[in-house]
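Examining the three-dimensional arrangement
If you want the building blocks of each chain, they are given just below.
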Amino acid sequence: MNEPARAAAHAQRIGLLGGTFDPVHIGHLRSALEVADILALDELRLVPNARPPHRGEPQVSPTQRLAMVEQAVQDIAPLCVDGRELLRERPSYTIETLEAVRDELATDDQLFLLLGWDAFCGLPGWHRWNELLAHCHIIVLQRPDADSEPPDALRNLLAARAVGSPAGLHGPSGSIAFVWQTPLAVSATQIRQLLASGKSVRYLVPDAVLAYIEAHGLYRAPN
């Protein structure tokens, strides 16, 4: 179907959830599925970061992290994987990913960038952060225990661009909405520590991811 015909039939709703996924775990996946349902997304793409500029180097290779995410979302619609950031030979900037994805979409397709509260509060330190809303809506995953205040630059942005609920996000881009979540008490750091000490992480990661970790001996403490 050509682009004008597709756009007329159904404007796509595409979400992006970035992360190191070192490793991907059930907390990532449950959160992603909840948001995909709330926003009625056609796709929610998990985007593994290659070299996040605001974090240290992931513990395993980009290829291995990509493989684990692919295993985790296999046959779980609407979740899928977008590995474009792993092709870059330099730090991953979200604005560049948004520009690339937007170029592939129809004009009226909606693009949603999912951010946790801490990441959202850190936006003023991101590369070309004030251009993000030209390409997407921002969905802030707000936790009940979040107690930090956004910086002044974000207060102004929220005053101008925030809507009362995700249902108020109209058009392809330009607004901010909050989705309240009580996340599962699971972290990648906890999982790496358990694996390094030789303990089980069953039911903290999907079975296929656990099988991949065990087959490749990932996250083990050095001998």
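The structure reproduced in this document is the subject of the present report. Every value quoted in this text rests on a predicted model; they were computed, and no experiment measured them.

Let's talk about the packing of helix H3 (residues 62-73) against helix H8 (residues 207-216)
Relative to each other, H3 and H8 sit at 150 degrees, their axes nearing to 8 Å. The angle between the axes of H3 and H8 places the two elements in the roughly antiparallel class. Judged by the sense of rotation from one axis to the other, the crossing of H3 with H8 is right-handed. In contact with Gln64, Ala67, Met68, Gln71 and Ala72 of H3, H8 contributes Ala208, Val209, Tyr212 and Ile213. For the contact of H3 with H8, the class distribution of residues is 7 nonpolar, 2 polar and no charged.

Considerations on the sheet that holds strand E1 (residues 13-19)
Here we have 6 strands laid out as an open sheet, ordered E3-E2-E1-E4-E5-E6, and parallel in their pairing. Each edge of the open sheet carries a strand with a single partner, namely strand E3 (79-81) and strand E6 (176-180). Across the sheet, the axes of successive neighbouring strands diverge by a mean angle of 30 degrees, strand direction being ignored. Bridging between E1 and strand E4 (residues 110-116) involves 5 bridges; their strand directions are parallel. Along E4, the bridge assignment pairs leucine 17 with leucine 114. Along the sheet, helix H2 (residues 26-39) contacts E1, strand E2 (43-48), E3, E4, strand E5 (137-142) and E6; its crossing angle with E2, the most-contacted strand, is approximately 145 degrees. Here H3 sits on the sheet and contacts E2 and E3; the angle it forms with E3, its principal contact strand, is near 160 degrees.

Quick look at the nonpolar core
Within the largest apolar cluster, 37 residues are counted, with the highest numbers of intra-cluster contacts made by Val24, Leu44, Leu46, Met68 and Ile139. If you list the elements that add at least two residues to this core, you get H2, E2, H3, E4, E5, E6, helix H7 (188-196) and H8. Once you skip the residues sitting within four places of it in the chain, leucine 44 turns out to touch Gly15, Leu16, Leu17, Ala32, Ala36, Pro78, Leu79, Cys80 and Leu114. Core analysis: the next-biggest nonpolar cluster, separate from the first, contains 25 residues, Ile14, Leu113, Cys121 and Cys136 among them.

Concerning H8
Along H8, the positions that sit buried rather than exposed are Val209, Leu210, Tyr212 and Ile213. Along H8, the residues classed as buried sweep out an arc of 160 degrees about the axis, all on the same side. Counted as exposed and oriented over 90 degrees from the buried face of H8: Asp207 and Ala215. Contacts made by the buried residues of H8 are with H3 and H7.

Concerning unusual backbone geometry
Peptide bonds are trans in most cases, and residues, glycine excluded, mostly fall at negative phi. Cis geometry is adopted by the peptide bond preceding proline 23, which originates at aspartate 22 and carries an omega value of 5 degrees. In this chain, alanine 77 is followed by proline 78 through a cis amide linkage whose omega measures 5 degrees. In this fold, proline 78 is placed in the loop between H3 and E3. Residue phenylalanine 21 is not a glycine yet carries a positive backbone phi of 50 degrees. Within the secondary structure, phenylalanine 21 is located in the loop between E1 and H2. Looking at phenylalanine 21, the relative accessible area reads 2%, which means it is buried. With a phi close to 55 degrees, alanine 40 is a non-glycine residue in the positive phi region. As for its placement among the helices and strands, alanine 40 is situated in the loop between H2 and E2.

Parameters and conventions
- Residues numbered from 1 in each chain as written.
- Predicted model: local features only at pLDDT ≥ 70, side-chain atom pairs only at ≥ 80, totals over all residues.
- Heavy atoms only, no water.
- Axes fitted to C-alpha atoms, helices over the stretch in contact; angles between N-to-C directions.
- Helix = DSSP H or I, 4+ residues; strand = E, 2+ residues; numbered from the N terminus.
- Parallel < 35°, antiparallel > 145°, perpendicular 65-115°, else oblique.
- Left-handed = near helix turned anticlockwise from the far one by under 90°.
- Contact = heavy atoms within 4.5 Å.
- Nonpolar A, V, L, I, M, F, W, Y, C, P; charged D, E, K, R; others polar.
- Pairing = 2+ DSSP bridges.
- Core = buried A, V, L, I, M, F, W, Y, C linked by side-chain atoms within 4.5 Å.
- Buried < 20%, exposed > 50% of the residue type's maximum accessible area, 1.4 Å probe, protein only.
- Arc of directions from axis to C-beta.

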